[in-house]
Amino acid sequence: MQTEPKNNDTLVLGIETSCDETAAAVVARDPDGEARLLSSVVRAQWEHHKDFGGVVPEIAARAHAECLDEIIRMAVKEAGVSLAEVDAIAAAAGPGLIGGLIVGLVSAKAIALALNKPLIAVNHLEAHALTVGLTDGLRPPYLLLLVSGGHTQILLVRDVADYTRIATTIDDALGEAFDKTAKLLGLPQPGGPSVEEFAATGDASRFQLPRPMKGRAEPHFSFAGLKTAVRHRAREAAPLSDKDVADLCAGFQQAVMESVLDRCQHAIALAREELGDDLHHFVAAGGVAANHVLRGGLTSLAEHNGLTFHAPPIALCGDNAAMIAWAGAERHSRGLIDDLDAPARPRWPLDAQAPKVRGAGVKA
Ligand code: KG4
Ligand code: ZN
């Protein structure tokens, strides 16, 4: 995807520090909205957190602060441009861990101020939502399944900056459920790829597990009960052989699939009521969209409903700065620029008008 920028391109530097990836990237957007990814540098911090069994916010913020300058320099160099040639600076301003967000946003503000360039404070969820514009040239409207470590939502992407939330999780996010399941089975973090790998050789039908929310009229999600059911089955089968772990992973992944596909089928029906014949595309984004089994199921579901399925390439499903730069470029093209006092926001729903869902708490 990396190519040379053209003369009339807008170049945007993106910075991502909302969780445990420090990332910087440069994208080019031409006046017709065509995208080119010029560089994307991602440094994962998992080594810093592995002894603690999860991401430690204070350690994450310090790790971002230590390497962000270097990551930005690498991204600009890889793009073959100078910082002075960049037209705008975009940084993830939320939702996420406040310490990390401040590191990235303050760095972006400093660069914007020093070079007298516009700042775009990007919603991390909007960046996941728009990534298919960068990778597939796909424009809204489309229906989006956003599945990451912190969020699980179905959204109608009407336009840039215009989202309607159709569904959310009433407890755990899907990535969180993968991570907790991996942890209780003694598998390495991040849990999603570990569970997917073990599931590939497992028998999904051996352990009885629930299909949470399946058949419910509202298209919301729930994964806490499924994770607890895996814990019970694991206790009953202990001590666990590799075969037991593989079968539990396969059973968990199959239950997730059936639940997610059922929820998405409901959401497609609701989206059709809203968009009618304008609904042509079904998109998945976020870290969990890297799961090959889920991608396969979602592709079939989309086809069954006469929709085309799109998901970013695996490398751009998880957190990265290319998506931040691209969301920044899209907003910049519409004149959506932020002041230098733009705040970092630990919570920042894409659809602030969405009705409250009982139990949804911070994940709404
Ligand atoms: O989007 P992301 O990188 O960070 C957040 O914004 O949260 O998503 C990270 C999540 C983690 O929970 C990770 O376990 C999950 O995405 N994940 C996967 C896979 N790869 C990453 N889940 C299932 N299958 C995968 N292959
Ligand atoms: Zn994310």
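Each remark here, short or long, concerns the structure printed above.
Below you will find a few notes about this structure.

Parameters and conventions
Residues numbered from 1 in each chain as written. Chains lettered and ligands numbered in written order. Predicted model: local features only at pLDDT ≥ 70, side-chain atom pairs only at ≥ 80, totals over all residues. Heavy atoms only, no water. Helix = DSSP H or I, 4+ residues; strand = E, 2+ residues; numbered from the N terminus. Contact = heavy atoms within 4.5 Å. Areas by Shrake-Rupley, 256 points an atom, 1.4 Å probe, with all protein chains shown as cover. Lys, Arg positive; Asp, Glu negative; His and termini not counted. Charge placed at Lys NZ, Arg CZ, Asp CG, Glu CD. 1 Å grid on protein atoms, 1.4 Å probe; cavity = no way out; pocket = protein on both sides within 12 Å on 5 of 7 lines; lining within 4 Å. Points joined across faces, edges and corners; volume = space filled by probe spheres on them. Nonpolar A, V, L, I, M, F, W, Y, C, P; charged D, E, K, R; others polar. Donors = N, O, S within 2.8 Å, 3.2 Å for Na, K, Ca; no water. Buried < 20%, exposed > 50% of the residue type's maximum accessible area, 1.4 Å probe, protein only. Salt bridge = Lys/Arg side-chain N within 4 Å of Asp/Glu carboxyl O. Phe/Tyr/Trp six-rings, centres within 6.5 Å; stacked < 30°, edge-to-face > 60°.

**So, the overall build of the protein chain**
- Broken down by element type, the protein chain carries 10 helices and 10 strands.
- Contacts in the protein chain between residues at least 24 apart in sequence constitute 74% of all its contacts with a sequence separation of at least 6.
- Entry remark: accessible area of the protein chain is about 15200 Å², with carbon and sulfur atoms responsible for 52%.
- Positive and negative side-chain charges in the protein chain, numbering 34 and 46 respectively, have mean positions lying 6 Å apart.

**Brief notes about empty space enclosed by the protein**
- Going through the model one piece at a time under the given rule, you end up with one cavity of 30 Å³ or more.
- Its volume calculated, the largest cavity comes out at about 30 Å³.
- Lining the largest cavity we find Phe178, Gln253, Val256, Met257, Val288, Asn291 and Leu294.
- Per-element accounting of the lining of the largest cavity gives the leading share, three residues, to helix α8 (residues 242-275).
- Taken together, the residues of the lining of the largest cavity sort by class into five nonpolar, two polar and no charged.

**Focus: the coordination of the zinc ion (ligand 2)**
- Looking at the metal site, the zinc ion (ligand 2) is ligated by His124 (NE2), His128 (NE2) and Asp319 (OD), spaced 2.1 Å from it.
- Of the residues examined, aspartate 319 reaches a relative accessible area of 18% and is grouped as buried.

**Concerning the layout of surface pockets**
- Roughly 160 Å³ of volume is contained in the second largest pocket.
- Lining of the second largest pocket is provided by Thr164, Arg165, Ile166, Ala167, Glu218, Pro219, His220, Asp351, Ala354, Pro355, Lys356 and Val357.
- A per-class count over the lining of the second largest pocket returns six nonpolar, two polar and four charged.

**Overview of the pattern of salt bridges**
- Within the structure shown, the criterion is met by 21 salt bridges.
- With a shortest N-O distance of 3.9 Å, arginine 36 and glutamate 34 are connected by a salt bridge.
- The exposure class assigned to arginine 36 is buried, which follows from its relative accessible area of 9%.
- We note a salt bridge from aspartate 244 to arginine 206, for which the minimum N-O separation is 2.8 Å. In this pair, aspartate 244 sits in helix α8 while arginine 206 sits in the loop between α6 (191-199) and α7 (224-237), placing the two residues 38 residues apart along the sequence.

**A look at α6**
- Listed as buried for α6 are Gly191, Gly192, Ser194, Val195, Glu196 and Ala199.
- Summarising the contacts, the buried residues of α6 are in contact with α5 (174-184), α8 and α9 (292-304).

**Quick word on the packing of aromatic side chains**
- On inspection of all chains with the given rule, the structure shows three aromatic pairs.
- A centroid spacing of 5.0 Å and a plane angle of 90° characterise the contact between phenylalanine 178 and phenylalanine 252, whose relative ring orientation is edge-to-face. Separated by 74 residues along the polypeptide, phenylalanine 178 in helix α5 and phenylalanine 252 in helix α8 bring together distant segments of the chain.
- On the basis of relative accessibility, which here comes to 0%, the residue phenylalanine 252 falls in the buried class.
- Judged by centre distance (6.1 Å) and plane angle (55°), the rings of phenylalanine 282 and phenylalanine 309 are tilted. Of this pair, phenylalanine 282 sits in strand β9 (residues 281-285) while phenylalanine 309 sits in strand β10 (residues 308-310), and the two are 27 residues apart along the sequence.

Limitation: the analysis is restricted to geometry and does not speak to function.
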